[in-house]
Amino acid sequence: MIWEVFRQEKPGDYHTHCGNVHAPDREMAKQFAVIQHGRRKPTESLWVVPQEEVGEVDADEVAFGGTTDKSYRWAMAYTSSTEHAKEVIASQQEQEQAEADRQRGDD
Amino acid sequence: MDVETVKERAGPREFSPADDMPEKYRKAATRMIQFHANSEIMGAYLEKPFIRQAPSIDRKLAFSAKVQDEIGHGQLLYRAAESLGIKTREEMLDELANGEGKFLNCFHYPMESWAEVPMIAFFVDGAAMRRQATLKSSSWEPYAHAMDKVCFEEGFHVKHGEDIMARMATGSRKEQQMLQDAFDEWWPRIIQFFGPTDDKSTHHDFSAEVGLKQKTNDELRNAFLDAYVPKAKSYGLEIPEYPRIEEVGDGEYHVEEDDLDWDEFFTVSKNEYEPGKGQIDSRKAAQEAVDWVRDTIEGDANLPGSQAAPAAD
């Protein structure tokens, strides 16, 4: 049985996928994950998930973000000459970063 | 873990469902996150009718996207609240429907004209964002993670709200007057968004000690005023005479809290304010009207061939 492994580097971080292990049950999967995926890289916590329980949907099946122009959903679409609150600026910067990442993915 | 250990360890994103948290912490966090989730839902229901009143197709698209986002935030937050193991999402939605679920003061008031839309979509969302940005450092990790996504999306809401306001503020004299009237009516409620002053707040101490909350009501209110009083002025809005707001030097503002109607605030907070009751009931009616959808998705246990969902282990 294959278990997908997700590693969290620091407390409060997200668990992100880092690989998988073969194991007959959850306890063994946790032990193998500790050895195979928590040994060298900084690790706070690991999750193990049976591979067969993972559902996947990919870009061949759906158009992520839709097929029409949804620029109205982005902070960048609205311009004003006033100074924005710092958390609004931070949100827009994250959106700009996400949009840039998406554009790169299209190339 | 006992409460003393929780207080010692309390820090940003410190605790997750893998930790054995004391009931006092889990109840306090549930109360706070459930309130937040309820507010997202009730805010969305308050704004929803204005999708139809949007003055252009662009506004309609953007505004319906925003309302959809808010419902999504409610869902995210119910998940974060459920992760504490005190209440299920169904229990929280039922509490909201039967009038036990508490939510933000501003969403108890009726909205009648398009000029009121930016009061919510700019000022209330701006106030919410100021608070939410601090909650990215909440000690309950699922709550902080929900805030990451909420804050990511909220920048669009606030800037779109500002765009609606800017259009009216530079429109006809009638539009400007409508905007000012809406502002006069909403401004005191918006200031009360952050709740009573710290000495009157009942829940602050424990929530702060265990890191659920990062800032006090007063700190957040003042930080909001510092950013948004100049904003309002820059759009030609006149700040109402009451509550008195004093500039205490270097761009900082302070509000005379006794000028605000705290009796009304506490009536609202207890779900006893008449228009608010109507809004609770109309959301309840909406929840009941789509019961059949939930039943279809979740499967009716009484129907032949259907089976109960497998128990999570």
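Everything numeric here is computed off the predicted structure, so don't read it as measured data.

1. Focus: the overall build of chain B
- A count of helical and extended segments in chain B gives 13 helices and two strands.
- In terms of overall dimensions, chain B is globule-like: its C-alpha atoms have a radius of gyration of 20 Å, near the 20 Å expected for 313 residues.
- For chain B, the spread of C-alpha atoms along the principal axes amounts to about 65 × 50 × 35 Å.
- Looking at chain B as a whole, 50% of its 313 residues are labelled buried.

2. Considering helix H5 (residues 89-97) of chain B
Residue and element names in this part refer to chain B.
- Where H5 is concerned, the buried positions are Met92, Leu93, Glu95, Leu96 and Ala97.
- Buried residues along H5 sit against helix H2 (23-47), helix H4 (57-82) and helix H12 (274-289).
- A positive backbone phi angle near 90° is found at Gly99, which sits one or two residues after H5.

3. Digging into the nonpolar core
- If you look at the biggest cluster of nonpolar residues, it comprises 86 residues, and the most contacted ones within it are B:Tyr25, B:Phe107, B:Phe123, B:Trp140 and B:Phe224.
- Per element, the largest residue contribution to this core is eleven residues, and it comes from helix H6 (residues 117-135) of chain B.
- In contact with B:Tyr25, not counting residues within four places along its chain, are B:Val6, B:Phe15, B:Leu84, B:Ser139, B:Trp140, B:Phe206, B:Val210 and B:Leu212.
- Membership of the second largest hydrophobic core comes to seven residues, among which are A:Trp3, A:Val5, A:Val21 and A:Val48.

4. Re the environment of B:Ala54
Residues and elements named next belong to chain B.
- For Ala54, the location among the structural elements is in the loop between helix H3 (49-53) and H4.
- Residue classification places Ala54 among the buried residues on the basis of a relative accessible area of 11%.
- Remark: the alpha-carbon pair of Ala54 and Val229, spanning 175 residues in sequence, is separated by 26 Å.
- With residues up to four places along the chain from it excluded, the contact list for Ala54 reads Arg59, Lys60 and Trp114.

5. Brief notes about a nonpolar patch on the surface
All names here are of chain B.
- A grouping of Val290, Trp292, Val293 and Ile297 is seen on the molecular surface, where their side chains present a nonpolar patch of about 420 Å² in accessible area.
- The residue Ile297 is located in helix H13 (residues 291-298) in this model.
- The class for Ile297 is exposed, based on a relative accessible area of 68%.

6. Details of the sheet that holds strand E3 (residues 45-50) of chain A
Residues and elements named next belong to chain A.
- Read from one edge to the other, the open sheet built from three strands follows the order E2-E1-E3, with strand pairing classed as antiparallel. Strands at the two margins of the open sheet, each flanked by one partner only, are strand E2 (16-22) and E3. Strand after strand, the sheet turns through a mean of 30° between neighbouring axes, direction not considered.
- As judged from the six bridges shared by strand E1 (residues 2-8) and E3, these two strands associate in the antiparallel manner.

7. Points about the environment of B:Ser138
All names here are of chain B.
- Here Ser138 is to be found in the loop between H6 and helix H7 (141-169).
- Through-space distance from the C-alpha of Ser138 to that of Asp181 is 37 Å; in sequence the pair is 43 residues apart.
- Apart from the residues within four sequence positions on either side, Ser138 is in contact with Gly11, Pro12, Arg13, Tyr143, Ala144, Gly211, Leu212 and Gln214.

8. Details of the side chain of A:Glu4
Residue and element names in this part refer to chain A.
- Here Glu4 shows up in strand E1.
- Of the buried charged residues, Glu4 lacks a salt bridge, with Arg7 as the closest side chain of opposite charge at 12 Å.
- A polar atom in the side chain of Glu4 sits 2.6 Å from the side chain of His17.
- Separated by 2.7 Å, the side chains of Glu4 and Gln51 make a polar contact.
- Other than its neighbours up to four places away in sequence, Glu4 contacts His17, Gly19, Asn20, Trp47, Val48, Val49, Gln51 and Val54.

9. Looking at the domain arrangement of chain A
- Taken domain by domain, chain A comprises domain 1 (2-53) and domain 2 (71-106).
- Taking only C-alpha atoms into account, the centre of domain 1 of chain A sits 34 Å from that of domain 2 of chain A.

10. A few points about the packing of aromatic side chains
Residues and elements named next belong to chain B.
- Scanning the entire structure with this criterion turns up 18 aromatic pairs over all chains.
- Aromatic ring contacts, followed pair by pair, group Phe122, Phe123, Phe183, Trp187, Phe193, Phe194, Phe224 and Tyr228 into a single cluster.
- When the ring centre of Tyr109 is taken as origin, the NZ or CZ atom of Arg189, which lies over that ring, is 3.8 Å away.
- The side chain of Arg189 reaches across the aromatic face of Trp186, ending 4.6 Å from its centre.

Calculation rules
Along each chain, residue indices are assigned from 1 in the same order as the chain's sequence is written. Written order determines the labels here, with chains lettered from A and ligands numbered from 1. Local features in this predicted model are restricted to residues of pLDDT 70 or higher, and side-chain atom pairs are both shown and tallied only at a pLDDT of 80 or more, whereas totals for entire chains, interfaces and linings draw on every residue. To get the side-chain values, all heavy atoms of the structure are used, and hydrogens and water are removed first. Strands here are runs of E lasting at least two residues and helices are runs of H or I lasting at least four, both read from the DSSP assignment and numbered beginning at the N terminus. We compute the radius of gyration over the C-alpha atoms and compare it with the globule rule, which gives 2.2 Å times the number of residues raised to the power 0.38. In this scheme, a residue with accessible area under 20% of its type's maximum is buried, one over 50% is exposed, and one in between is partly exposed, where area comes from a 1.4 Å probe on protein chains only. By definition, residues are in contact when any of their heavy atoms lie within 4.5 Å. Note on terminology: a nonpolar core comprises buried Ala, Val, Leu, Ile, Met, Phe, Trp, Tyr and Cys residues joined through side-chain atoms within 4.5 Å. Patches here: salt-bridge-free residues with over 30% relative accessible area, like charges joined within 9 Å, nonpolar side chains (Val, Leu, Ile, Met, Phe, Trp, Tyr) joined within 5 Å. Per-residue and other accessible areas follow the Shrake-Rupley method at a 1.4 Å probe size, with only the shown protein chains counted as cover for residues. One side-chain nitrogen of Lys or Arg within 4 Å of one carboxyl oxygen of Asp or Glu is enough to make a salt bridge. For two strands to count as paired, DSSP must find a minimum of two bridges between them. Helix axes use the C-alpha atoms of the stretch in contact, all axes being lines fitted to C-alpha atoms, and the angles between their N-to-C directions lie in the range 0 to 180 degrees. His is not counted here, nor are the chain ends, while Lys and Arg score as positive and Asp and Glu score as negative. Each polar contact in these results corresponds to two N or O atoms within 3.5 Å; when the atoms are within protein, one needs to be able to donate a hydrogen and the other to accept it, and residues that are neighboring in sequence are counted only if both atoms are side-chain atoms. Here the bounds of each domain stem from an automatic or database domain assignment. Pairing of aromatic rings covers Phe, Tyr and the six-membered ring of Trp, with a centre-to-centre limit of 6.5 Å; geometry is then stacked below 30 degrees between planes, edge-to-face above 60, and tilted otherwise. Over a ring means this: the NZ of a Lys or the CZ of an Arg is within 6 Å of the ring centre and within 35 degrees of the ring normal.

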